[in-house]
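This is what each chain is made of:
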Amino acid sequence: MQTVSENACFGGTQGVYSHKSTACSCDMTFGLFLPEEAKDGPVPVLWYLSGLTCTHENAMTKAGAQAWAADHGIALVFPDTSPRGDGVADHEDYDLGQGAGFYVNATQEPWAPYFRMWDYIADELPALLTENFAIDGNRQAITGHSMGGHGALTLAMNLPGRFRSVSAFSPICNPTGADWGRKQLAAYLGDDEALWERHDASIMMRKSGFDGPVLIDTGSSDQFIDLLRPETLADAIATRHQPATFRLQPGYDHSYFFVSSFIEDHVTFHAQALWA
C-alpha cells in the first residue's frame, strides 16, 4: 500500500491510499478520514459508496462529511466505484465499465477478470483497513449515493451482522426494473435474471430486510427519479414492516448539493448506531 496524500482535516487526517487489489486485478485507490480519536485506538467506520462516473474523490471533497464524522469520532472510507487502468475493460457509455462497477462480481466477459467490486468492498478492503489503520472492524456502518446507495443497501442486506446501520442518498432502488440496472446487470451477470435479485434493494427488502436502522433520502426534484424507482423500495419497506425512515425531500435534485444538505443527518444517524 502506498500513501498518495495525507492532509490535516478537522483535527484528524484525510488520506488517500493506493494498493494492488487481488479482487480487481489492478491498482485501486481509496480515501480514508481518520478522526483525532484514532490516535488513541480503533474507531468505528462509516463506508461511503459513490455513484456513476465518480471516483474515491467526489464524496471526499464535495459531501462535507468529515466535519460531522470528526464530531462523532468515526472514520470515513471512500472507495473507488470500479477497477481502473489501461488494461481494464471499459465501454463508451458513461454508465457501463470504468466508473460504473455497480458493486457486483461480474461473471461475463470482458468484465469478469476485473469487475469484482462486491468482493473488493465486502472482503478485501475491510481486511486492508483493519490491518493497517486504527479501524474497529466490529463497528461498521454504510451509506452511499445513487449507484452507491444501491450498493450500500444490497451489501447491508446480504451481509447480516456486518453493518450496524445503513442509509442511502437517491439510491437506485429497483435495478432489475429500470434502465439503470437492467443494462448493467445483464452485461456483468448475464441473462439469468434470478442471479440479479440479490443486487436489487427492493427485492432484498421483501426477502430479508435489514436487522438495524435504515435511513433513505431522495429529492422530489431528482432528474433521475424515474430510473431510481423509490416507490418500489418504499412499498417493500411498508410490506415488510421494516423499521426505516424514508424521506422525499422537497425541491432537491440528484447533485452533491443535495447530499451535502443532509450529510449531517446521515452521519449522526450512523454515529448513534455505531456508539450504541
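Asks: What's the story with the overall build of the chain in this structure? I'm lost.
Replies: On a plain count of helices and strands, the chain comes out with nine helices and nine strands. In summary, the chain has a C-alpha radius of gyration of 17 Å against a globular reference of 19 Å for 276 residues, a match within 12%. By principal-axis analysis of the C-alpha atoms, the chain measures approximately 50 × 45 × 35 Å. When each of the 276 residues of the chain is scored for burial, the buried share is 59%. A separation of at least 24 residues holds for 73% of the contacts in the chain among residues at least 6 apart in sequence. About 10,800 Å² of surface is accessible on the chain, with carbon and sulfur atoms providing 48% of the total.

Asks: So what exactly am I meant to see when it comes to the nonpolar core here?
Replies: Within soluble globular proteins, side chains that are nonpolar tend to cluster in buried spots. Core analysis: the biggest nonpolar cluster contains 65 residues, and Phe30 and Tyr188 have the highest contact counts within it. It is helix α3 (residues 117-132) that contributes the most residues to this core, eight residues altogether. Formed by 23 residues, the second largest nonpolar core is a distinct cluster that contains Leu46, Tyr48, Ala65 and Val259.

Asks: Honestly, the environment of Met60 in this entry has me stumped. Any pointers?
Replies: Of note, Met60 is situated in helix α1 (residues 57-62). For Met60, the residues in contact, after removing those within four places along its chain, are Gln14, Gly15, Val16, Gly31, Gln66 and Phe78.

Asks: Explain the pattern of salt bridges to me, please; I cannot follow it from the model alone.
Replies: Two side chains with opposite charge may pair up if their charged atoms get near one another. Taken as a whole and assessed by the stated rule, the structure comprises eleven salt bridges. Residue Arg84 pairs with Asp80 through a salt bridge whose shortest N-O separation is 2.6 Å. Taken together, the shared-partner salt bridges connect Asp93, Asp95 and Lys183 into one network.

Asks: Sorry if this is basic, but what is going on with the packing of helix α2 (residues 65-72) against helix α9 (residues 256-274) here?
Replies: Helix-helix packing is characterised by the crossing angle of the two axes and by the distance between the axes. One can describe the packing of α2 onto α9 by two numbers: an axis separation of 9 Å at closest approach and a directional angle of 30°. Classified by the angle between their axes, α2 and α9 sit roughly parallel to one another. Crossing hand, α2 versus α9: right-handed. Of α9, the residues touching α2 (which contributes Ala65, Trp68, Ala69 and His72) are Ile263, Glu264, Val267, Thr268 and Ala271.

Asks: Please explain the environment of Ala271 as it appears in this structure.
Replies: Its location among the elements puts Ala271 in helix α9. According to the relative accessible area criterion, Ala271 is buried, its value standing at 4%. Remark: the alpha-carbon pair of Ala271 and Arg164, spanning 107 residues in sequence, is separated by 9.8 Å.

Asks: Any chance you could explain the sheet that holds strand β5 (residues 75-79) here in plain terms?
Replies: Pairing between the strands of a sheet comes from backbone hydrogen bonds, and it takes one of two forms, parallel or antiparallel. Read across the sheet, nine strands follow the order β1-β2-β3-β5-β4-β6-β7-β8-β9 without closing on themselves; strand pairing throughout is mixed. For this open sheet the edge positions go to β1 (2-9) and β9 (245-249), each flanked by a neighbour on one side alone. Neighbour to neighbour, the strand axes of the sheet diverge by 20° on average, direction disregarded. Across five bridges, the pairing between strand β8 (residues 214-219) and β9 is parallel.

Asks: Could you clarify how one ought to interpret the packing of α3 against helix α4 (residues 147-158) in this entry?
Replies: Between α3 and α4, whose axes approach to 12 Å, the crossing angle comes to 60°. Compared by their axis directions, α3 and α4 come out oblique. The two elements α3 and α4 cross, and the hand of that crossing is right-handed. Here Trp118, Ile121 and Ala122 of α3 lie close against α4, whose contacting residues are Thr154, Leu155 and Asn158.

What counts, and at which threshold
- Residues numbered from 1 in each chain as written.
- Predicted model: local features only at pLDDT ≥ 70, side-chain atom pairs only at ≥ 80, totals over all residues.
- Heavy atoms only, no water.
- Helix = DSSP H or I, 4+ residues; strand = E, 2+ residues; numbered from the N terminus.
- Rg over C-alpha atoms; globule rule 2.2 N^0.38 Å.
- Buried < 20%, exposed > 50% of the residue type's maximum accessible area, 1.4 Å probe, protein only.
- Contact = heavy atoms within 4.5 Å.
- Areas by Shrake-Rupley, 256 points an atom, 1.4 Å probe, with all protein chains shown as cover.
- Core = buried A, V, L, I, M, F, W, Y, C linked by side-chain atoms within 4.5 Å.
- Salt bridge = Lys/Arg side-chain N within 4 Å of Asp/Glu carboxyl O.
- Axes fitted to C-alpha atoms, helices over the stretch in contact; angles between N-to-C directions.
- Parallel < 35°, antiparallel > 145°, perpendicular 65-115°, else oblique.
- Left-handed = near helix turned anticlockwise from the far one by under 90°.
- Pairing = 2+ DSSP bridges.

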